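Observations on chain architecture
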Amino acid sequence: MQVSFKEKIKEMLAEIGINLTDRQVETIKSYIDMLLETNREMNLTAINEEGEIWRKHVIDSLLVFCAAEISSGARVIDVGSGAGIPGIILKIYRPDLNLTLLEAQRKKIIFQEEAVAKLGLKNIKCLWSRAEEAGRLEEHREKYDVAVARAVAPLNILVEYCLPLVKVGGLMIAYKGPSVDEELKAAEKAIAILGGDQPEVWRGHLPGGEEERRLIKIKKSTKTPTNYPRRAGMPTRKPLK
Ligand SMILES: C[S@@+](CC[C@H](N)C(=O)[O-])C[C@H]1O[C@@H](n2cnc3c(N)ncnc32)[C@H](O)[C@@H]1O
C-alpha cells in the first residue's frame, strides 16, 4: 500500500478517534482484496474501488465506536452481515469481541468463512440463518450484548430481526443515512412491543466528505414476548404497527 494512501486513511480514522496498527491496516487491506476479487463473480458490494471501500465500508463500520461503548469481550451479532460488514471490520479493530455474523444467503456465508479463515480471525461464528429463525432458537434468543445491522431493512422491520436476539440490558444499533425521523416514528410501536427503550440517535458524518450518518441505538429493557419474531417473511409483509 502506498505510504500517502495509508496516511490519508489514518488521517480519516483519526478524525473519529480511531488508531489502527499497521497490522490491522494490512488485515483490512487483505479483506478488501478478497472482497474485490470475489465481487467479480458474486455481487457483494456496489463499490469497486479500494479507497471508496475504505471510506464507505471500513470507516463507516467503525463509526459505531463514536456512538456507543462496547465492553470488552461483548457478545456481538451482525444481523444481515452480507460479505461481513460491519462485523469483520469491528472484529479486526476489536479482537476481544465475541462475534456472530448472521446472514440468510448461503453464498455470502461461504465468502465470510473463507475470509475469516484467510485473515486468521478467532472467535467468530458465521451463522447461515434468517434473523426471524435465529431469534426463536434458545442458543441465540436474548443471548447478545449488542446487535448491529447495516443496510438491512427499515427500522420497524429491523427491530423485529434484532431485539429478540439482544439480552435485557443490551443494545441494538442500526446504521442509517441522514433521514431517520420517519423511520423512528413508524417504528415506535414495534420497539415498545419488542422490549426496547426510547431510541437515541448519534448524528455525525463520514470523514473525508459530507455524507451524513446516523446510528440509532435502542436499549432493551424488557424481555421480548415469546410470539416474536414472527415466522420468516412476516416482519416484511406485515411490519408491526
Ligand atoms: C444490502 S445487504 C447489506 C450487507 C451488509 N450489512 C453491508 O452493510 O454491506 C443486506 C443483507 O441482509 C441480508 N438479510 C436481509 N434480511 C435478512 C433476514 N431476515 N435474516 C438474515 N439476513 C437478512 C441479505 O441477505 C443481505 O445480504
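Conventions used here
- Residues numbered from 1 in each chain as written.
- Predicted model: local features only at pLDDT ≥ 70, side-chain atom pairs only at ≥ 80, totals over all residues.
- Heavy atoms only, no water.
- UniProt positions renumbered as here; feature names shortened; annotations may be inferred.
- 1 Å grid on protein atoms, 1.4 Å probe; cavity = no way out; pocket = protein on both sides within 12 Å on 5 of 7 lines; lining within 4 Å.
- Buried < 20%, exposed > 50% of the residue type's maximum accessible area, 1.4 Å probe, protein only.
- Contact = heavy atoms within 4.5 Å.
- Helix = DSSP H or I, 4+ residues; strand = E, 2+ residues; numbered from the N terminus.
- Points joined across faces, edges and corners; volume = space filled by probe spheres on them.
- Nonpolar A, V, L, I, M, F, W, Y, C, P; charged D, E, K, R; others polar.
- Near = heavy atom within 4 Å.
- Polar contact = N/O pair within 3.5 Å; in protein donor to acceptor, adjacent residues only side chain to side chain.
- Areas by Shrake-Rupley, 256 points an atom, 1.4 Å probe, with all protein chains shown as cover.
- Sits in = over half its atoms within 2 Å of the grid points.

Turning next to the UniProt feature "binding site: S-adenosyl-L-methionine" (unreviewed entry) in the chain. According to UniProt, the feature "binding site: S-adenosyl-L-methionine" (unreviewed entry) maps to G80, A131, E132 and R150 in the numbering used here. Checking the named residues against the largest pocket, the ones that line it are G80, A131, E132 and R150. A residue is classified by how much of its surface remains accessible, and G80, at 24% relative accessible area, is partly exposed. Filtering out sequence-adjacent residues up to four positions away, G80 remains in contact with L102, E103, R150 and V152. For A131, the location among the structural elements is in helix α7 (residues 131-134). Taking the relative accessible area as the measure of exposure, A131 reaches 8% and is therefore buried. Those residues in contact with A131, other than ones at most four positions away along the chain, are V79, L102, Y161 and P229.

This part is about the layout of surface pockets. By volume, the largest pocket amounts to about 590 Å³. Going through the elements one at a time, α3 (50-62), β2 (98-103), α7 and β5 (166-176) are the ones with two or more residues in the lining of the largest pocket. Taken together, the residues of the lining of the largest pocket break down into 12 nonpolar, eight polar and eight charged. One number sums up the size of the second largest pocket: a volume of about 220 Å³. Every residue lining the second largest pocket is listed: T21, R23, Q24, T27, K91, I92, P95, L119, L121 and K122.

Now for the site of the ligand. Within the structure, the ligand sits among 16 residues, and G80, I85, E103, A131 and R150 are positioned closest to it. Residue E103 places a side-chain N or O atom 2.6 Å away from an oxygen atom belonging to the ligand. In this structure, A104 approaches the ligand through a main-chain N or O atom, which is 3.3 Å from a nitrogen atom. Considered on its own, the ligand offers 600 Å² of accessible surface; in the complex 80% of this is hidden by protein. Mapping the ligand onto the cavity grids shows that it belongs to the largest pocket. For the shell around the ligand, the residue count by class is six nonpolar, five polar and five charged.

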